[in-house]
Amino acid sequence: MSPKVEPLAVPGAWVVTPQQFGDDRGVFLESFRGDQLAPHVGHRPDIVQTNLSVSAAGVLRGIHFADVPPSQAKYVTCVAGAVLDVVVDIRVGSPTFGAWDSVLLDDADRRAVYVAEGLGHGFLSLADGSAVMYLCTASYAPGREHGIDPLDPELGIEWPATDRDGRPITPILSDKDRDAPSLATARASGLLPDHAAVKEFYARLAAQ
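Residues numbered from 1 in each chain as written. Predicted model: local features only at pLDDT ≥ 70, side-chain atom pairs only at ≥ 80, totals over all residues. Heavy atoms only, no water.

As annotated in an unreviewed UniProt entry, the protein chain carries the name dTDP-4-dehydrorhamnose 3,5-epimerase and comes from Jiangella anatolica. Here the protein chain is described in UniProt, under the heading Catalytic activity (unreviewed entry), as follows: "dTDP-4-dehydro-6-deoxy-alpha-D-glucose = dTDP-4-dehydro-beta-L-rhamnose". (UniProt positions renumbered as here; feature names shortened; annotations may be inferred.)

Draft legend 1. Local environment of the overall build of the protein chain. Within the protein chain, the secondary structure is distributed over four helices and 13 strands. By its C-alpha atoms, the protein chain is 55 × 45 × 30 Å across when sized along the principal axes. For the protein chain, the proportion of its 208 residues judged to be buried stands at 48%. Contacts in the protein chain between residues far apart in sequence, at least 24 positions, make up 79% of those at least 6 positions apart. Accessible area for the protein chain stands at about 9800 Å²; split by element, carbon and sulfur atoms hold 52% of it. For the protein chain, the separation between the mean place of its 17 positive charges and that of its 27 negative charges on side chains is 4 Å. (Helix = DSSP H or I, 4+ residues; strand = E, 2+ residues; numbered from the N terminus. Buried < 20%, exposed > 50% of the residue type's maximum accessible area, 1.4 Å probe, protein only. Contact = heavy atoms within 4.5 Å. Areas by Shrake-Rupley, 256 points an atom, 1.4 Å probe, with all protein chains shown as cover. Lys, Arg positive; Asp, Glu negative; His and termini not counted. Charge placed at Lys NZ, Arg CZ, Asp CG, Glu CD.)

Draft legend 2. Geometry of the sheet that holds strand 1 (residues 4-7). If you walk across this open sheet you meet the six strands as 1-2-10-7-12-5, and the pairing is antiparallel. A strand with exactly one partner marks an edge of an open sheet, and here the two such strands are strand 1 and strand 5 (49-55). Taken over all neighbouring pairs, the strand axes of this sheet differ in orientation by 20 degrees on average, direction set aside. In the sheet, strand 7 (residues 74-80) pairs with strand 12 (residues 130-136) via six bridges, with the strands oriented antiparallel. By the bridge assignment, Thr77 is partnered in strand 12 with Met133. Contacts from helix 1 (residues 34-41) reach strand 1, strand 2 (13-17), strand 7 and strand 10 (112-115), with the element oriented near 145 degrees to strand 2. (Pairing = 2+ DSSP bridges. Axes fitted to C-alpha atoms, helices over the stretch in contact; angles between N-to-C directions.)

What follows is the structure, given as structure tokens:
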């Protein structure tokens with residue numbers, strides 16, 4: 001029942017495609033297996049908190065990240081509806097700094113994305129009632145949580161203009177996300193994680 005685990009264009013992020021077993025009763029799958037993710041991540045993620053968000057079509061959440069250490073790795077899946085999930089490399093000094101990649105998460109393929117510590121993450125809901133589940137390796141700590149403007153032109157994320165039924169959507173942001181700094185401003189202010197420090201943190205996790 002091993003899932004298919006593939007790296008994204010942003011190092012430290014993977015897309016996980018589970019095997020689904022269906023019959024006339026419905027569908028069964030293993031949505032998370034820490035032991036099977038560990039060979040790719042370098043350690044078994046220690047899940048300590050589960051979050052659930054439900055969003056109307058057009059709701060845009062992110063780009064969010066947390067201070068390293070301890071930051072917060074996330075295993076994200078969409079259990080109802082559909083979202084475009086986006087990972088951004090915000091590690092200053094990374095060869096892929098500023099790069100982003102996206103994955104469609106929905107209630108058909110039931111894929112998941114693993115987002116390592118030190119990366120930015122966000123998503124756009126493509127259906128009313130999209131329910132996104134996050135398995136997190138650290139508890140929420142407001143003082144360590146930050147954001148980047150998901151509509152930053154320099155970042156250039158290609159957010160969809162239509163929902164999964166082809167209807168036009170306009171991004172709906174919280175006040176906090178709307179007021180978040182650009183990537184350049186966040187970098188200049190020293191808000192972003194350092195690539196070398198993040199790599200050292202990954203090494204400590206692998207050695208545990």
